[in-house]
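Listed below, chain by chain, are the residues.
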Amino acid sequence: MSRGTLGLTVLEVGADGVGVITIIHPPVNSLSFDVFNSLKESFEEALRRDDVKAIVVTGANGRFSGGFDITTFGKIQGGTVRPKRGFIAIELLTDTFEAARKPSVAAIDGLALGGGLEVAMACHARISTPNAQLGLPELQLGIIPGFGGTQRLPRLVGLTKGLEMILTSKPVRGEEACSLGLVDAVVSSNELLNTARQWALDILEGRRPWVASLYKTDKIEPLGEAREIFNFARSQSKKRAPNLEHPLVCIDVIEEGIVSGPRAGLWKEAEAFDGLVQSETSKSLIHVFFAQRGTSKVPGVTDRGLVPRRVRKVAILGGGLMGSGIATALVLSNYPVILKEVNEKFLDAGVNRVKANLQSRVRKGQMTQEKFEKTLSLLKGVLDYESFRDVDLVIEAVIENVSLKQQIFADLEKYCAPHCILASNTSTIDLNLIGERTRSQDRIVGAHFFSPAHVMPLLEIVRTKQTSPQVIVDLLDIGKKIKKTPVVVGNCTGFAVNRMFFPYTQAALLLVEHGVDVYQIDRAVVKFGMPMGPFRLCDLVGFGVAAATGMQFIENFPERTYKSLIIPLMQEDKRAGETTRKGFYVYDDKRKARPDPELKNYIEKARSISGVNIDPKLVKLPMKDIIEMVFFPVVNEACRVLDEGIAVKAADLDISAIMGMGFPPYRGGIMFWADSLGSKYIYSRLEEWSKSYGEFFKPCSYLAARAAKDIPLSVPMELVKSRL
């Protein structure tokens, strides 16, 4: 046995002469440096021992290995640990595993991801279970595979498939892996170890091929064809992720191995990894990885030992786009759902929307017809509250009308059981106002989904001061079960995401009224990494929704809102965005957007009424300044959200911005990105603009205090106090 402080491997030798090395590092058998050192010791011991004829490598508790221990990346980036990728990729996996005089077979169950798959590929054969997941997801962390994966995977599955798997980070299941040549056989979990043992002995005795995957060439195209494949992969990567360097570096590394030989490729891989792991992109994406997993830890709630209650049935009020989307998300996760509407016409429309969402999955091959029918059978449409008596959760998803919501919650209290959670999908309205006519304040909560609700990954769980911790724990559990990332936030107008981003469109409108071109702003924001610019987003959401939510902020934060007349003037001419085919853009039959020369008339009229003059300094505004003038007010509002305790921690706002608004994850989220620029710099820019353009840009006290001491915006308040 070889033992490390963080994980270990165990060598057990059977009567058949096969030494089984088991990786043990719960929960997913991640590969820390301790595990690698232990693996090396176990492997070398197996090679030394005369009673060991062949070797099987496997993982404990039904998981081969989930990959390299990500906590180590932070230590590498912080300089406390030096990377050992070259040592692992070449000395351990190539010169110890692959070059061994005894054959080795990987027995793969559960996960074989990242470094886990790279260890398996260094063995002379691989046996997996049908549902095992095999893949190299390193590009999601801003790095590349670093244990030889860039060299071995393309040689096992071919260049085209190898590039696709690495560049998209998508794993394959055992059956597909077998058809690709990534694994040699697929067997059940019960047969896995015995099959792998026999396979290793068969290799030893010449009944199975002894394959060193690093030197396979039968699936590699001639050099001319290979170069065409690499060039196509580069052009696709530039289209898909124009701001990212590491996919192109990865392609270069794979190409180096094809052109100059696999060992040259391994050294280039190690060198490239060392550079990428220190990049801002990698630091941002690793921050996002941990931040996403941290959203479910809520002080004072999840540390109480509360167990989620079982939710057997859910009711949804309102079958519009949001209600039907929420219903879709729930039935897809096997929750029985009651959908209530006010009349047959609206009810039929709501049920048909759910049906269309599910049929879309059938068309894309994501769901069988049999599964579609079974899933749809979980949905029941109703016109009254009678069937609400045995539901465990109600989600109200009607229009943003305070009095209507108040009446609904008063009715729900009469019909629903005392334990039933009463949730609202409101995006902006204060929950205390919604629940004003009820006595059940402890079970009222916000369950704010983002449109389309069955697609968007974020779920904002909004708690009031009265909301029971048990209710929060229950919703966190439901969020995970329906495959959402839940973020718990406090109760205020707009909550976290909409509250942070209300200045986003307002800042863009301010710039336009002062002389910046609408389409230049959208282009700059897309180039920065957002899925679309603020004006294209306005068209998509619709001016009615934009105006209604905007009024909430004008009423609640009048001193720091910018009141533009551009949208109201367009609404007067029946322009309401994409649905009317005219907004800031015009749309053809396929809803393709193109600039509209008539837009300048509305902008000039808005300027004339408001008395705003074009500022010559803004007419030719560089992209950097556009980005800062649009996003620094968002940072400023995010600081207020933190200061007021609406968000538990800055990392929650990062995830909210990424998953709720599409903020580029490779920038780490809104607060992480802001800290990369520095509180002093952001404060100075906002202060400068506030002198020219008014209170809208005025830095808040939280930002001012941090800037005065040059303290990062995301540092928790208690740490700030200790530093001050």
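Residues numbered from 1 in each chain as written. Predicted model: local features only at pLDDT ≥ 70, side-chain atom pairs only at ≥ 80, totals over all residues. Heavy atoms only, no water.

- The name given to the protein chain in an unreviewed UniProt entry is 3-hydroxyacyl-CoA dehydrogenase, and the organism recorded there is Acacia crassicarpa.
- Per its UniProt entry, the protein chain bears the Subcellular location (unreviewed entry) comment "Peroxisome".
- UniProt lists a comment for the protein chain under the heading Pathway (unreviewed entry), and it reads "Lipid metabolism; fatty acid beta-oxidation." (UniProt positions renumbered as here; feature names shortened; annotations may be inferred.)

### Considering the environment of I609
Inference 1: Looking at the secondary structure, you find I609 in helix α24 (residues 599-610).
Inference 2: Sequence-wise, I609 and R575 are 34 residues apart; in three dimensions their C-alpha atoms are separated by 19 Å.
Inference 3: Not counting residues within four places of it along the chain, the set of residues in contact with I609 comprises L565 and L569. (Helix = DSSP H or I, 4+ residues; strand = E, 2+ residues; numbered from the N terminus. Contact = heavy atoms within 4.5 Å.)

### Observations regarding the pairing of strand β5 (residues 104-108)
Inference 1: Of all the 5 residues making up β5, 5 are buried; the element is thus mostly covered by neighbouring parts of the structure.
Inference 2: Alternating positions in β5 separate into two faces, S104, A106 and I108 on one and V105 and A107 on the other, with burial throughout.
Inference 3: Sheet topology note: the strand β4 (residues 54-59)/β5 ladder contains 3 bridges and is parallel. The partner of I55 across the bridge, within β5, is S104.
Inference 4: With 4 bridges connecting them, β5 and strand β7 (residues 125-128) associate as parallel partners. Each residue of the ladder has a partner; that of V105, found in β7, is A125. (Buried < 20%, exposed > 50% of the residue type's maximum accessible area, 1.4 Å probe, protein only. Pairing = 2+ DSSP bridges.)

### Brief notes about the environment of T579
Inference 1: Relative to the helices and strands, T579 resides in the loop between α23 (566-572) and β19 (585-587).
Inference 2: A residue is classified by how much of its surface remains accessible, and T579, at 62% relative accessible area, is exposed.
Inference 3: Spatially, the C-alpha atoms of T579 and L458 are 25 Å apart, while their sequence positions differ by 121 residues.

### Notes on the nonpolar core
Inference 1: Within the largest apolar cluster, 101 residues are counted, with the highest numbers of intra-cluster contacts made by F388, I521, F584, F631 and I670.
Inference 2: In terms of residue count, the dominant contributor to this core is helix α26 (residues 623-643) (12 residues).
Inference 3: Filtering out sequence-adjacent residues up to four positions away, F584 remains in contact with L509, V518, Y519, F535, C538, D539, F543, I566, I567, M570, D596 and L599.
Inference 4: Grouped together as the second largest cluster of nonpolar side chains are 68 residues, I88, F97, F273 and V277 included. (Core = buried A, V, L, I, M, F, W, Y, C linked by side-chain atoms within 4.5 Å.)

### Let's talk about the sheet that holds strand β6 (residues 111-113)
Inference 1: Taken in spatial order, the 3 strands of this open sheet run β6-β8-β9, and their pairing is mixed. The strands lining the two open edges of the sheet, one partner per strand, are β6 and β9 (172-173).
Inference 2: Set on the sheet, helix α4 (residues 115-122) makes contact with β6 and β8 (133-135); between it and β6 the angle comes to about 90°. (Axes fitted to C-alpha atoms, helices over the stretch in contact; angles between N-to-C directions.)

### Describing unusual backbone geometry
Inference 1: The step from P26 to P27 runs through a cis peptide bond, and the omega angle for that step is 5°.
Inference 2: Here P27 shows up in the loop between β3 (18-24) and α1 (33-48).
Inference 3: Each neighbour pair has its own omega, and for S451 with P452 the value is -5°, a cis peptide bond.
Inference 4: You can see P452 is positioned in the loop between β16 (444-449) and β17 (458-463).
Inference 5: At K574, a residue that is not glycine, the phi angle is positive and equals roughly 65°.

### Regarding the UniProt feature "domain: 3-hydroxyacyl-CoA dehydrogenase NAD binding" (unreviewed entry) in the protein chain
Inference 1: With numbering aligned to this structure, UniProt lists the feature "domain: 3-hydroxyacyl-CoA dehydrogenase NAD binding" (unreviewed entry) at residues 313-491.
Inference 2: With 40% helix and 21% strand, residues 313-491 has end C-alpha atoms that lie 26 Å from one another.

### Description of the packing of helix α13 (residues 321-332) against helix α14 (residues 344-363)
Inference 1: Where α13 contacts α14, the two axes come as close as 9 Å, and the packing angle between them is 50°. Taken together, the axis directions place α13 and α14 in an arrangement best described as oblique. Where α13 crosses over α14, the two elements pack in a sense that is right-handed. Contacts from L321, S324, G325, A327, T328 and L332 in α13 reach G350, R353, V354, N357, L358 and R361 in α14. (Parallel < 35°, antiparallel > 145°, perpendicular 65-115°, else oblique. Left-handed = near helix turned anticlockwise from the far one by under 90°.)

### Focus: the sheet that holds strand β11 (residues 314-317)
Inference 1: In spatial order, the strands read β13-β12-β11-β14-β15-β16-β17-β18; together these 8 strands make up an open sheet with mixed pairing. If you trace the sheet from one side to the other, it starts and ends with β13 (379-382) and β18 (485-490), each paired once. The mean angle between the axes of side-by-side strands here comes to 25°, regardless of whether they run parallel or antiparallel.
Inference 2: Here β11 pairs with strand β14 (residues 393-396) via 4 bridges, running parallel. Counterpart to V314 in the pairing with β14 is L393.
Inference 3: Strands in contact with α14 are β12 (337-340) and β13; relative to β13, the strand with the most contacts, it is inclined by about 165°.

### A look at the side chain of R234
Inference 1: Of note, R234 is situated in helix α9 (residues 223-240).
Inference 2: By relative accessible area, which is 16% here, R234 ends up buried.
Inference 3: Within the structure, R234 has its side chain in polar contact with the side chain of D252 (distance 2.9 Å).
Inference 4: Apart from residues no more than four positions distant in its own chain, R234 is found in contact with L248, I251, D252 and E255. (Polar contact = N/O pair within 3.5 Å; in protein donor to acceptor, adjacent residues only side chain to side chain.)

### Points about the pattern of salt bridges
Inference 1: Under the defined criterion, the tally for this structure stands at 39 salt bridges.
Inference 2: Between D16 and R197 there is a salt bridge; the shortest N-O distance is 2.9 Å. Taken together, the residues span a long stretch of sequence, with D16 in the loop between β2 (8-13) and β3 and R197 in helix α8 (residues 189-204) at a distance of 181 residues.
Inference 3: Owing to a relative accessible area of 28%, D16 belongs among the partly exposed residues under this scheme.
Inference 4: By relative accessible area, R197 is classed as buried at 16%.
Inference 5: For E98, the salt bridge goes to R152, with nearest N and O atoms at 2.8 Å. (Salt bridge = Lys/Arg side-chain N within 4 Å of Asp/Glu carboxyl O.)

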